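Topology and contacts: notes
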Amino acid sequence: MYLYDDFDRTLVAERVAEFRDQVARRLSGELTEEEFKPLRLMNGVYLQLHAYMLRIAIPYGTLSADQLRMLAHVARRYDRNYGHFTTRQNIQFNWIKLAELPDAMADLARAGLHGMQTSGNCVRNITTDQWAGVAPDEIEDPRIWAELLRQLTTLHPEFSFLPRKFKIAVTAAAHDRAAVRVHDIGLRLHRNGAGEAGFEVIVGGGLGRTPFVGKTIKPFLPKRDLLSYVEAILRVYNQFGRRDNIYKARIKILVHDLGAEAFAKEVEAEWQPIKDGALALDPAVIADVAARFRYPDYAALDDNPPELAKARAGDRRFAHWLDNSVANHKLAGYAIVTLSLKPEGAPPGDATAEQMDAIADLADRYSFGEIRVGHEQNLVLPHVAQRDLPALWRALDKIGVATPNIGLVTDIISCPGLDYCSLANTRSIPVAQELTRRFRDLDLARDLGRLHINISGCINACGHHHVGHIGLLGVEKNGEEYFQVTIGGRADENAELGALLGPAVPYGEVADVVEDVVAAYLELRARPDEIFLETVKRVGVEPFKERVYAAR
Amino acid sequence: MRLVRAGRVVEDRYLRVLDEAPIPDGAPVIIPAARLIADFTDIAGREAATGVLWPNSRKVSELAPYLDRLALVALVFPTFKDGRAYSQARQLRERHGFRGELRATGDVLRDQFLFLVRAGFDAFEVKKDADAAAFAAAIARYSVFYQPAGDGRIAVQRARREHARHALGAAQPETAR
Amino acid sequence: MTSPLQQKLKITGPVVITANRLGDGAVVYRTLDGGWTTRLGEAAVVSTAPAASELLTAATADDIGAVGAYVAPVRLEPDGTVRPGNLREIIRHAGPTIALPASLGL
């Protein structure tokens, strides 16, 4: 948990005061909508179909129990009793009134929460692995670097009016759970041949209208140089990114147009004069930020305590949950627990205020007061003692967040779609809900194995459909809702964009099509433990296309 | 439009000479980039102050050779959303050491004042009178700054260490970097 | 549905001007007397590009009342009732097509 000090709190309070003034000037007409819009966006305030939407940053996906309680309070006091967790580790409230926003932000600020830079043409929430700090395969905690970058990029005077939004992700594990290769800047902390830790810097990844996997422009950047190098990249982008066409304004277009090598040269030219300046990170500064991350006072426990083995043997449902939703912790005797926000029939990633309060209490009791938000729109309790798992499971089950479908076919990632979003072509949530009903049989879901379905209601790809094992993209044809289906995408260290399966299918048939794709997989897989993604890789798209479109 | 310098509305003593008109002797002028470069040998000999209006689409490195003859550089915000001039300003101040007047022109609004000041601007052609009057209040909005820029405001990392030093009471030697 | 925020003004049937109320973002429709209403039945309905353009211009200028004004199609029932003219407008008018997350009664 990163602990805010007076400086951090003062900054947020000053931001709230500034926004309160800006809202007043807007409501009085002193500011036009054109002048106000970028200002409200920089505080995470969108205008959607039915209402304003407030997007709150959850820096690197880490929340304290008190912060989760504050989110529940905001949901109750200012919204309609629920919130939506997003694919960038943020939370969204869909019904907030502009006039009440300054008060809501003041409440959030008391808990160290804010919406700064969750929208607008600036650097957005810096995301990382939801298992940061507890994953067995990480070399060190990536959140320290995410926090250093957060401070560099918050209210940065030079980079608050970039050509377009800018997203950075950091990973420090062998398995990339932060999708760094599809971000504007992806940072992979790793060890070089000499055993030193440093960053692979990847630039120009992104989804949306023109998806790209990012290019490595610096295979190994020493930690000391992280901030100055990122500043150099931003400076090149700020100056040379396109401003004439919003669909060509992301850094991925600049990198693609210049070529990775030429782009890297521009960055070097900006970087050399500043690399030894005020942004060079000395060990004292790194240590100060690291010291603000408090880690739990873990007990010395054994793996697989007897009460766990007994509970597993005694209850099949508990055993299934254990096998599905509980992952290994780097420390013996502990576990990482994922809470599914994808129960049958529910909008993916939503939690009620009630659930948030209950989860906060459980976090206090079983997870040293800490919760994580994953980009798959689930929550995580990262520090659970294995001996507490049976009791925790019973409590999670009662509040509806223990569906053992993590990583399975019904663990669907979906944008809000046309039910909420003014950019959408199609609805997405009802499709996700229908799919959770079609695949409700958990035995089937377990048999299918790891299968990520991603749904985006438009080309902006907030559902990350390009990197779904099965991706659904909402398009409009003759005023009707249709979906393009892609298969074989992945977001990890071997990131790849999905391939188009065939002609777009109508809304009313898309769930049938997904069932047919899954049926094709069952027919084509070489062995039960060959997952969908591997089958697609092995046989290609054609066999799937034949089977799915045979009768269409 | 009001010119703000040193936190107050002031008279603009510079004449804009943006066309082919002859440049008056003895008067401070602002001329376009192309003219500065084309007529530089004449302009370099001027006694009165010379300023240039530099477009946000041209690299500041092209302006660098002329800087020590310039008293003023005016940079442009065609719309306040176009942030290129922030980078130009920082490069002029921090890389090229420009000490003259650095003026923000174009769509210059109140909610960007502090960013502009932090980027190195010290003069502002402010679009709205009400904004000009509110300049001092606008730049006092924040007391905490996370990152160092060229403006000398102490970034939070250093502020924390100094705060910690004070809290410890006795003056302690600055840790060598 | 393609965002109408990018549309050119091409009127092929009855339309209204719609926007979101400044204070709370609620869906509103422009009335003939230059105001805004949440009730579609009270909206000014026009059928020509010049009429729509005039309404839209006035609506856009009134950004204290509402923001993001644009032209939206409507359907006229035989009895004169005005209904939203496409799925996006149906959803804006009636709300999300899904049930909002409800209390578990914990």
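An account of the accompanying structure is given in this report. (Residues numbered from 1 in each chain as written. Chains lettered and ligands numbered in written order. Predicted model: local features only at pLDDT ≥ 70, side-chain atom pairs only at ≥ 80, totals over all residues.)

Comments concerning the overall build of chain C
Each helix and strand counted, chain C has 2 helices and 5 strands in total. Seen in sequence order, chain C has helices and strands lined up from the N terminus as β-β-β-α-β-β-α. In chain C, which comprises 106 residues, the share counted as buried stands at 29%. Contacts in chain C between residues at least 24 apart in sequence constitute 55% of all its contacts with a sequence separation of at least 6. (Helix = DSSP H or I, 4+ residues; strand = E, 2+ residues; numbered from the N terminus. Buried ≥ 20, exposed ≤ 12 C-beta atoms within 10 Å, placed from the backbone. Contact = placed C-beta atoms within 7 Å.)

Brief notes about the overall build of chain B
A count of helices and strands for chain B gives 7 helices and 8 strands. Relative to its 177 residues, chain B shows a buried fraction of 36%.

Re the sheet that holds strand S10 (residues 215–222) of chain A
All names here are of chain A. The 5 strands lie next to each other as S6-S7-S8-S9-S10, forming an open sheet whose pairing is mixed. Looking at strand neighbours, the two that pair on one side only are strand S6 (127–128) and S10, the edges of this open sheet. Across 2 bridges, the pairing between S6 and strand S7 (residues 168–171) is parallel. Of the residues in S7, the one forming a bridge with threonine 127 is alanine 169. This element, helix H6 (residues 226–240), spans strand S8 (185–191), strand S9 (197–203) and S10 of the sheet and lies at about 10° to S9. Helix H8 (residues 260–271) rests against S9 and S10 of the sheet, and its axis sits at about 40° to S10. (Pairing = 2+ DSSP bridges. Axes fitted to C-alpha atoms, helices over the stretch in contact; angles between N-to-C directions.)

With respect to helix H16 (residues 510–524) of chain A
In this model H16 of chain A runs 21 Å from its N-terminal to its C-terminal C-alpha over 15 residues, within 8% of the 21 Å that 1.5 Å per residue would give. Residues of H16 of chain A that are buried include every one of Val510, Ala511, Val513, Val514, Asp516, Val517, Val518, Ala520 and Tyr521 of chain A, and no others. (Expected span 1.5 Å × (residues − 1).)

Brief notes about the interface of chain B and chain A
Each partner contributes to the interface: chain B provides 27 residues, whereas chain A provides 31 residues. With 5 residues, the top contributor of residues to the side of chain B that touches chain A is helix H3 (residues 84–95) of chain B. Here the residues of the side of chain B that touches chain A are counted per class, giving 11 nonpolar, 6 polar and 10 charged. (Nonpolar A, V, L, I, M, F, W, Y, C, P; charged D, E, K, R; others polar.)

Overview of the interface of chain A and chain C
Contacts between the two partners involve 35 residues from chain A and, on the opposite side, 28 residues from chain C. Looking at the side of chain A that touches chain C, the elements with two or more residues in it are strand S13 (350–352), helix H12 (353–366) and helix H14 (429–438) of chain A. Looking at which element gives the most residues to the side of chain A that touches chain C, the answer is H14 of chain A, with 3 residues. Looking at the side of chain A that touches chain C residue by residue, the classes come out as 17 nonpolar, 9 polar and 9 charged.

Quick look at the packing of helix H1 (residues 6–27) of chain A against helix H4 (residues 101–110) of chain A
Residues and elements named next belong to chain A. At a minimum axis distance of 9 Å, the contact between H1 and H4 shows a crossing angle of 175°. By the angle class used here, H1 and H4 are roughly antiparallel. Residue-level inspection shows Val12, Ala13, Val16, Phe19, Arg20 and Val23 of H1 in contact with H4, the latter providing Leu101, Pro102, Met105, Ala106 and Ala109. (Parallel < 35°, antiparallel > 145°, perpendicular 65-115°, else oblique.)

Section: the sheet that holds strand S1 (residues 2–5) of chain B
All names here are of chain B. Within the open sheet, the 8 strands sit side by side as S2-S1-S8-S7-S6-S5-S4-S3. Their pairing is mixed. Since the sheet does not close on itself, it has two edges, and those belong to strand S2 (8–10) and strand S3 (15–16), each with one partner. Here S3 runs beside strand S4 (residues 29–32); their pairing, made up of 2 bridges, is parallel. Each residue of the ladder has a partner; that of arginine 16, found in S4, is isoleucine 30. Contacts from H3 reach strand S6 (72–77) and strand S7 (101–106), with the element oriented near 160° to S6.

Digging into the nonpolar core
All names here are of chain A. Formed by 244 residues in total, the largest nonpolar core has its most connected members in Leu68, Ile233, Ile359 and Val517. When residues in this core are grouped by element, the largest group, 9 residues, is from H6. For leucine 68, the contacting residues outside a window of four places in its chain are Leu63, Met356, Ile359, Ala360, Ala363 and Ile371. (Core = buried A, V, L, I, M, F, W, Y, C linked by C-beta atoms within 7 Å.)

Some words on H6 of chain A
The terminal C-alpha atoms of H6 of chain A lie 21 Å apart, and with 15 residues this matches the ideal 21 Å at 1.5 Å per residue to within 8%. Where burial is concerned, most of H6 of chain A is hidden: 14 out of the 15 residues are buried.

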